[in-house]
Amino acid sequence: MKAKIIRVRSAAGEYAVLSGAGILRDAAPEIAKLGEFSSVHVLTSPKVWRAVSKAVKAAIPRDVLKNVYLFDDAETKKNMRTVEMLCRKLTRAGADRKSLIVAVGGGVVGDVAGFVAASYLRGVGLVHVPTTLVAQVDSSVGGKTGVNLPEGKNLIGAFYPPRLVVIDTDLLRTLPERQFRSGIAEVIKYGVIADAELFAYLERNMEKLLRKDRDALEYVIPRCVEIKADVVSRDERESGLREILNFGHTFGHALESVTKYRRYLHGEAVAWGMFAVNMLGTHTGFTDKNEAPRLSRLIHRAIELPWWPRVSSQAMIEAMQTDKKKTGGKLRFVLSPRIGEARSIDSVSNEAVKSVLDFFLAPIGKKRAAGNEALQ
């Protein structure tokens with residue numbers, strides 16, 4: 001199948017995102033177009049490599065795949081110790097400034113490998129081969145790399161664009177059901193913030209997408225990438241517009257942090273975060289109350305969420321204080337006035353935030369959010 005090509009502009013130059021079923025087999029010639037590299041180093045995780053190594057080995061010549069480094073891609077291992085371990089492996093392998101790193105995996109693999117590529121010898125070439133829905137529609141595009149600190153998520157990192165992104169939708173066949181459904185949260189996010197037509201498509205075709213229907217994937221994934229490419233091409237370093245991509249993430253990252261990255265997959269935390277900002281928007285009068293239930297209903301159809309944790313509202317607010325959008329000590333939230341639009345604002349009171357958090361912590365709030373009743 002012919003790949004769809006999406007161009008992304010960055011300060012380091014334009015790069016291509018190739019998307020399509022079975023296009024991994026085109027990876028070798030596409031990498032060759034980037035120029036000559038002294039060595040190629042694949043960074044991936046044991047579980048990903050077990051699932052996709054056969055496809056990768058069939059696509060990339062064996063002599064190129066001499067250097068494959070495996071690391072734990074659990075969110076709890078997304079830290080500086082892992083970065084140091086991988087950099088030392090590259091050093092022992094003789095990697096130099098003309099080497100290329102190929103990141104094969106999901107969001108954690110991409111974030112860690114991207115930061116390694118940005119840091120090792122002050123920067124080497126990077127290619128992403130994302131294998132999860134979250135990575136294919138979101139994290140592999142835009143050049144964000146980084147690792148976590150105990151104080152918060154992605155607090156150490158760099159903006160470092162790849163040279164190429166290869167999105168083979170067939171790789172999603174190996175993805176566990178929970179991982180795939182978690183990724184749908186990011187797909188829904190793109191409809192909310194930028195494309196009412198995409199959102200309506202999801203409302204009509206969610207069951208097809210959940211079945212990993214090829215036609216649905218071939219529409220949804222490139223469309224999400226197109227939206228992100230447009231946003232990051234205009235605001236690469238998140239000085240304004242790019243903040244809308246964090247819809248649901250202020251609450252979501254706090255949830256991940258207070259639960260020590262052990263309760264939720266990233267998309268699940270983002271889904272809870274979208275519930276929360278949906279309610280925050282309606283309570284503050286920013287979000288159209290007639291449209292808000294559409295988001296809640298769509299999330300309910302797509303994702304079965306672990307329950308909201310038994311943590312205080314104050315603990316959540318404190319976790320939000322490390323949010324990178326915060327300016328002048330004030331939290332910023334991305335809110336959607338209506339499906340297809342979003343803005344980042346800093347005029348939300350702490351009382352309004354606490355009210356939303358208290359709702360989810362209360363038993364009735366959990367029951368409503370975990371059931372089929374639309375949040376308003």
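Residues numbered from 1 in each chain as written. Predicted model: local features only at pLDDT ≥ 70, side-chain atom pairs only at ≥ 80, totals over all residues. Heavy atoms only, no water.

Undergrad: Even after reading the chapter, I still don't get the sheet that holds strand S5 (residues 99–105), so can you show me in this structure?
TA: Taken together, seven strands build an open sheet; the order of strands is S1-S2-S9-S6-S5-S3-S4 and the sheet is mixed. The open sheet has two edge strands with one neighbour each: strand S1 (4–8) and strand S4 (67–70). Recorded for the sheet is a direction-independent mean angle of 20° between the axes of neighbouring strands. Of the strand pairs in this sheet, S1 and strand S2 (residues 15–20) are connected by five bridges, and their pairing is antiparallel. Residue pairing for S2: Arg-7 is matched across the bridge by Ala-16. Helix-sheet contacts for helix H3 (residues 80–92) involve strand S3 (39–44), S4 and S5, and the interaxial angle to S4 is about 160°. (Pairing = 2+ DSSP bridges. Helix = DSSP H or I, 4+ residues; strand = E, 2+ residues; numbered from the N terminus. Axes fitted to C-alpha atoms, helices over the stretch in contact; angles between N-to-C directions. Contact = heavy atoms within 4.5 Å.)

Undergrad: Before we go on, may I ask you to explain the packing of helix H6 (residues 177–194) against helix H10 (residues 266–283) in this structure?
TA: If you want to describe how two helices pack, look at the angle between their axes and the distance between the axes. Viewed as axis vectors pointing N to C, H6 and H10 meet at an angle of 40°, and their least axial separation amounts to 7 Å. Accordingly, the angle class assigned to the pair H6 and H10 is oblique. Our pair here, H6 against H10, has a crossing hand that is left-handed. In this structure, H6 contributes Arg-178, Ser-182, Ala-185, Glu-186, Ile-188 and Lys-189 to the contact, and H10 contributes His-266, Gly-267, Glu-268, Val-270, Ala-271 and Met-274. (Parallel < 35°, antiparallel > 145°, perpendicular 65-115°, else oblique. Left-handed = near helix turned anticlockwise from the far one by under 90°.)

Undergrad: Could you clarify how one ought to interpret the packing of aromatic side chains in this entry?
TA: For any pair of aromatic rings, the description consists of the separation of the ring centres together with the inter-plane angle of the planes. This structure, assessed with the given rule, holds seven aromatic pairs. Through a chain of ring-to-ring contacts, the aromatic side chains of Trp-272, Phe-275, Trp-308, Phe-359 and Phe-360 assemble into a single cluster. Of note, Lys-189 hangs over the ring of Tyr-190, and the distance from its end group to the ring centre comes to 4.5 Å. (Phe/Tyr/Trp six-rings, centres within 6.5 Å; stacked < 30°, edge-to-face > 60°. Lys NZ or Arg CZ within 6 Å of the ring centre and 35° of its normal.)

Undergrad: How should I be thinking about the pattern of salt bridges in this particular structure?
TA: Pairs may arise between side chains of opposite charge once their charged atoms sit close together. Enumeration over the complete set of coordinates arrives at 24 salt bridges. Two residues, Lys-189 and Glu-186, come together in a salt bridge whose shortest N-O distance is 2.8 Å. With Lys-189 and Glu-186 both in helix H6 and three residues apart, this pair spans about one turn of that helix. Lys-189 sits in the buried class, given a relative accessible area of 0%. The exposure class of Glu-186 is buried, given its relative accessible area of 0%. Here Arg-332 makes a salt bridge to Glu-243, at a shortest N to O gap of 3.1 Å. (Salt bridge = Lys/Arg side-chain N within 4 Å of Asp/Glu carboxyl O. Buried < 20%, exposed > 50% of the residue type's maximum accessible area, 1.4 Å probe, protein only.)

Undergrad: Can you walk me through the pairing of S2 in this structure?
TA: In regular strands, side chains alternate between the two faces of the sheet. With respect to burial, S2 is a largely interior element, six of its six residues being buried. Burial along S2 is two-sided: the residues Tyr-15, Val-17 and Ser-19 and Ala-16, Leu-18 and Gly-20 are all buried. Hairpin geometry of S1 and S2 is characterised by an intervening segment of six residues between the two adjacent antiparallel strands and by a positive phi of about 120° at Gly-13.

Undergrad: I would appreciate a short explanation of the pairing of strand S7 (residues 144–149) in the present structure.
TA: Strand direction decides the pairing type here: S7 and strand S8 (residues 152–159), joined by five bridges, are antiparallel. Directly across from Gly-146, in S8, lies its bridge partner Gly-157. Taking the residues that link successive antiparallel strands as the turn, the S7-S8 hairpin has two residues.

Undergrad: Before we go on, may I ask you to explain the nonpolar core in this structure?
TA: Ranked by internal contacts, the top residues of the largest apolar core, which has 79 residues, are Ile-188, Leu-202, Phe-251 and Phe-333. Counting residues in hydrophobic clusters, the runner-up holds 23 residues, among them Val-102, Val-104, Val-127 and Leu-171. (Core = buried A, V, L, I, M, F, W, Y, C linked by side-chain atoms within 4.5 Å.)

Undergrad: Would you explain helix H2 (residues 46–59) in this entry?
TA: What sets the pattern is the α-helix's 3.6 residues per turn: residues three or four places apart point alike. Taking 1.5 Å per residue as the helical rise, H2 with its 14 residues ought to reach 20 Å, and the 19 Å between its terminal C-alpha atoms agrees with that figure. If you look at H2, its biggest bend is around 60°, right at Val-52. For H2, every residue scored as buried is listed here: Val-48, Trp-49, Val-52, Ser-53, Val-56 and Ala-59. Contacts made by the buried residues of H2 are with helix H1 (27–32), S3, S4 and S5. (Expected span 1.5 Å × (residues − 1). Bend = angle between axes of the 7 residues up to and from the residue.)

Undergrad: Can you help me understand the side chain of Lys-153 in this one?
TA: Along the chain, Lys-153 turns up in strand S8. A distance of 2.6 Å separates the side chain of Lys-153 from the side chain of Glu-75, its partner in a polar contact. A distance of 3.4 Å separates a polar atom in the side chain of Lys-153 from a polar atom in the side chain of Glu-256. When neighbours within four sequence positions are excluded, Lys-153 is seen to be in contact with Glu-75, Lys-78, Asn-148, His-253, Glu-256, Tyr-261, His-266 and Lys-324. (Polar contact = N/O pair within 3.5 Å; in protein donor to acceptor, adjacent residues only side chain to side chain.)

Undergrad: In this structure, what is going on with unusual backbone geometry? I would like to understand it.
TA: Note on backbone geometry: most residues besides glycine have negative phi, and most peptide bonds are trans. The backbone phi angle of Glu-238 is positive, close to 60°, even though this residue is not glycine. Assignment of secondary structure puts Glu-238 in the loop between helix H8 (214–234) and helix H9 (249–258). Unusually for a residue other than glycine, Tyr-261 sits at a positive phi of about 60°. By the secondary structure assignment, Tyr-261 is in the loop between H9 and H10.

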